[in-house]
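Structural overview for review
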Amino acid sequence: MVDKLPVNTRKWDFPKCGANHVRDINSAINIWAAGLAVSVCRANVRLNKNTSVG
């Protein structure tokens, strides 16, 4: 896992497994998953993952 990337880094490869990721696509997937959690599970989604309830 890559600890920190500069904001201007748009693509990267994970060193151990070689998986290629694009930051914008990864962000879109995370937003989509949060939206599903809210609409299907009625979960509360917050920016701080430690305070989510549901």
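Above: the structure in question.
The structure contained in this document is the topic of the report that follows. (Residues numbered from 1 in each chain as written. Predicted model: local features only at pLDDT ≥ 70, side-chain atom pairs only at ≥ 80, totals over all residues. Heavy atoms only, no water.)

Brief notes about helix H1 (residues 23–41)
Each α-helix turn comprises 3.6 residues. Residues three or four places apart therefore point the same way. Counted only if it meets this: The helix count covers DSSP runs of H or I at least four residues long, the strand count covers runs of E at least two residues long, and both are numbered beginning at the N terminus. Every helix has an expected span of 1.5 Å times one less than the residues it contains.
Between its first and last C-alpha atoms H1 spans 26 Å; for 19 residues at 1.5 Å apiece the expected length is 27 Å, and the two agree. Positive phi shows up at Arg 42, right after H1, with a value of about 55°.

Digging into a nonpolar patch on the surface
Worth spelling out the cut-off: To count toward a patch, a residue needs a relative accessible area over 30% and no salt bridge; like charges are then connected within 9 Å, while nonpolar side chains (Val, Leu, Ile, Met, Phe, Trp, Tyr) are connected within 5 Å. To measure how exposed things are, a 1.4 Å probe is used in the Shrake-Rupley method; for residues, cover is taken only from the protein chains shown. Just to be clear on terms, a salt bridge is a Lys or Arg side-chain nitrogen sitting within 4 Å of an Asp or Glu carboxyl oxygen.
A cluster of nonpolar side chains, Ile 25, Ile 29, Trp 32, Leu 36 and Val 40, forms an exposed patch at the surface whose accessible area comes to about 530 Å². Inspection of the secondary structure assignment puts Leu 36 in helix H1.

Observations concerning the packing of aromatic side chains
Spelled out, the test is: By convention, a stacked pair of Phe, Tyr or Trp rings (six-membered ring in the case of Trp) has centres within 6.5 Å and planes under 30 degrees apart, an edge-to-face pair has planes over 60 apart, and any other such pair is tilted. Burial here depends on accessible area, computed with a 1.4 Å probe over protein chains only, as a share of the maximum for the residue type. Under 20% is buried, over 50% is exposed, and the range in between is partly exposed.
According to the stated counting rule, one finds 1 aromatic pair in the structure shown. Where Trp 12 meets Phe 14, the ring centres are 6.2 Å apart and the plane angle is 75°; that geometry is what we call edge-to-face. With respect to class, Trp 12 is no different from Phe 14; both count as buried.

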